[in-house]
Amino acid sequence: DLAAAITEGRSWFGHRVRQRPVAYLVLEGIGGFKQRLRAYEIRHGRKCPNEQLQIIEVEDESFFDIRDPKHCAELAASLPQDCIVIVDTLAQAAPGSNENTSEDGGKTLLGARIIMGKSRFVLFVAHSGKDPTKGIRGWSGIFAALDTNLEVTSTPGGTGYVWTAKKIKDGQCGIQGPFKRDIVELGEDADGDAITSCVIRPDESVRAEAAPREKLNAVMQTGMKSFESCIREHGGGGVWLDDWRKHFYAADTAENEDTKRKNFNRARRDLENRGHLQVHNDFYTRAGAGQIGTTPGQSRDKF
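Position labels on residues start from 1 in each chain and follow its written sequence. Where local features are concerned, this predicted model is filtered to residues with pLDDT of at least 70; where side-chain atom pairs are given and counted, the filter is 80 or more; whole-chain, interface and lining totals use all residues. Water and hydrogen atoms were dropped before computing side-chain values, which therefore reflect all heavy atoms in the structure.

(A) Expanded view of the overall build of the chain. Helix and strand labels come from DSSP, where a helix needs a run of H or I of at least four residues and a strand needs a run of E of at least two; each type is numbered from the N terminus. Regarding its fold elements, the chain presents 9 helices and 11 strands. Across its three principal axes, the chain shows a C-alpha extent of roughly 70 × 45 × 35 Å. In this scheme, a residue with accessible area under 20% of its type's maximum is buried, one over 50% is exposed, and one in between is partly exposed, where area comes from a 1.4 Å probe on protein chains only. Here the chain holds 303 residues, and 39% of them are scored as buried. In what follows, residue pairs with any heavy atoms lying within 4.5 Å of each other are defined as contacts. Expressed as a percentage of contacts within the chain between residues at least 6 apart in sequence, the contacts between residues at least 24 apart total 56%. Put simply, the chain shows about 17,100 Å² of open surface, and 47% of that area lies on carbon and sulfur atoms. Residue exposure ignores everything except the shown protein chains as possible cover, and the areas themselves are Shrake-Rupley values with a 1.4 Å probe.

Printed below as a string of structure tokens:
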């Protein structure tokens, strides 16, 4: 649905969209993917893919490996200028890799940069790990390197779904889009049973509801509590890094300063990457708090 909106220049969940060509790299589930294209055509009454949407089907794993610079350069050479590239899925883009290591993760990021030499943006479809609250499975450096992360979860009660902007670099986090999946009948199989697929539609009935809150681990909880404590002491809408560190060290139960330092660095990194806080020149504010910068009572020379 997002790919079709981009190629059509159609607003998506109320957000403006600038029209661009899209190359969709299908690395798994080709049969089901074709059915979803057909379902989109039936529901919306227009051709999908259109002339701006290029579907690249890959059934042979040896055809593409994003860790191979040659494969990435060849893909980039075949793309229209300034297109959006969707890689479905991240795991299948690097077959046989150890997704928990920085070595393979770093090669994946390098491959994405090579593709971006011709494209405007590379979007990975990825899965969460066993604990969905920890986000994308695998090496943590992948999440840290992302400009944007949209996380899809079920809504409370399991009646629908919602995508949430967990991370938008230099932008507002927490933007949401509740939606439902509608079943579309495509025809019948040889036994006379219905062949179905689905399309999505925004669900206005739950737009005002909050998505399930992410459960913070113990270190992140200490980070947020010390952040709030620091704000209460200094006033204003944010805190300086050095001031926050003092409050964290006082609240942390670790036995030595080296462990406190590691815990603090982990807390501030995770809270920023998960979209809870944003930072500019060592000044931290709540994500979505507006213009990042110093506030009255918080001015300070920084060199």
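(B) Examining the packing of helix H8 (residues 241-251) against helix H9 (residues 257-273) more closely. Axis lines are fitted to C-alpha atoms, over the contacting stretch for helices. Their N-to-C directions set the angle, which ranges from 0 to 180 degrees. Two elements in contact, H8 and H9, have axes whose closest approach is 10 Å; the angle formed by their N-to-C orientations is 120°. The orientation of H8 with respect to H9, classified from their angle, is oblique. Crossing handedness for the pair H8 and H9: right-handed. Along its contact with H8, which presents Leu241, Trp244, Arg245, Phe248 and Tyr249, the element H9 presents Glu257, Lys260, Arg261, Asn263, Phe264, Ala267, Arg268 and Leu271. Each residue gets one of three labels, nonpolar for Ala, Val, Leu, Ile, Met, Phe, Trp, Tyr, Cys and Pro, charged for Asp, Glu, Lys and Arg, and polar for the others, Gly among them. Residues of the contact of H8 with H9, tallied by class, amount to 7 nonpolar, 1 polar and 5 charged. Oblique is the label for every angle not falling under 35 degrees (roughly parallel), over 145 degrees (roughly antiparallel), or within 65 to 115 degrees (roughly perpendicular). We call a crossing left-handed when the near helix sits turned anticlockwise from the far one by less than a right angle, and right-handed when that turn is clockwise.

(C) The arrangement of the packing of aromatic side chains in detail. Stacked, edge-to-face and tilted are the three classes for Phe, Tyr and Trp ring pairs, Trp counted by its six-membered ring, which pair at centre distances within 6.5 Å; planes under 30 degrees apart are stacked, over 60 edge-to-face, the rest tilted. Under the counting rule described, the total for this entry stands at 12 aromatic pairs. Centroid distance Phe13 to Trp163: 5.6 Å. Interplanar angle 85°. Geometry classified as edge-to-face. Here Trp163 lies in strand S6 (residues 161-168) and Phe13 lies in the loop between helix H1 (2-8) and strand S1 (22-26), a separation of 150 residues in the sequence. We note that Phe13, like Trp163, is buried. Pairing Tyr24 with Phe33 gives two aromatic rings, centres 4.7 Å apart and planes at 45°, and the pair type is tilted. Residue classification places Phe33 among the buried positions, given a relative accessible area of 8%. In textbook terms, an aromatic cluster arises when at least three aromatic residues are bridged by ring pairs, as seen for Phe227, Trp244, Phe248, Tyr249, Phe264 and Tyr284.

(D) Structural view of the side chain of Ser119. Of note, Ser119 is situated in the loop between helix H5 (102-115) and strand S4 (121-125). The exposure class assigned to Ser119 is buried, which follows from its relative accessible area of 7%. Contacts of Ser119, omitting those with residues within four sequence positions, involve Asp82, Cys83 and Val85.

(E) Representation of a negative patch on the surface in the model. A cluster of acidic residues, Glu185, Glu188, Asp189, Asp191 and Asp193, forms a negative patch at the surface. Within the secondary structure, Asp193 is located in the loop between strand S7 (176-188) and strand S8 (194-202). Within the patch definition used here, like charges are joined within 9 Å and nonpolar side chains (Val, Leu, Ile, Met, Phe, Trp, Tyr) within 5 Å, considering only residues with over 30% relative accessible area and no salt bridge. Each salt bridge in this description consists of a side-chain nitrogen of Lys or Arg and a carboxyl oxygen of Asp or Glu lying within 4 Å of one another. Positive charges are assigned to Lys and Arg, negative charges to Asp and Glu, while His and the chain termini are left out of the count. Every charge is mapped onto a representative atom, which is NZ of Lys, CZ of Arg, CG of Asp or CD of Glu.

(F) How the structure looks around the sheet that holds S1. Following DSSP output, two strands are said to pair if at least two bridges run between them. As summarised here, the arrangement of the 4 strands in space is S2-S1-S3-S4, forming an open sheet in which the pairing is parallel. The open sheet has two edge strands with one neighbour each: strand S2 (53-57) and S4. The sheet shows a mean angle of 15° between the axes of neighbouring strands, taken without regard to direction.

Everything listed here is a matter of coordinates, which is why it stays silent on function.
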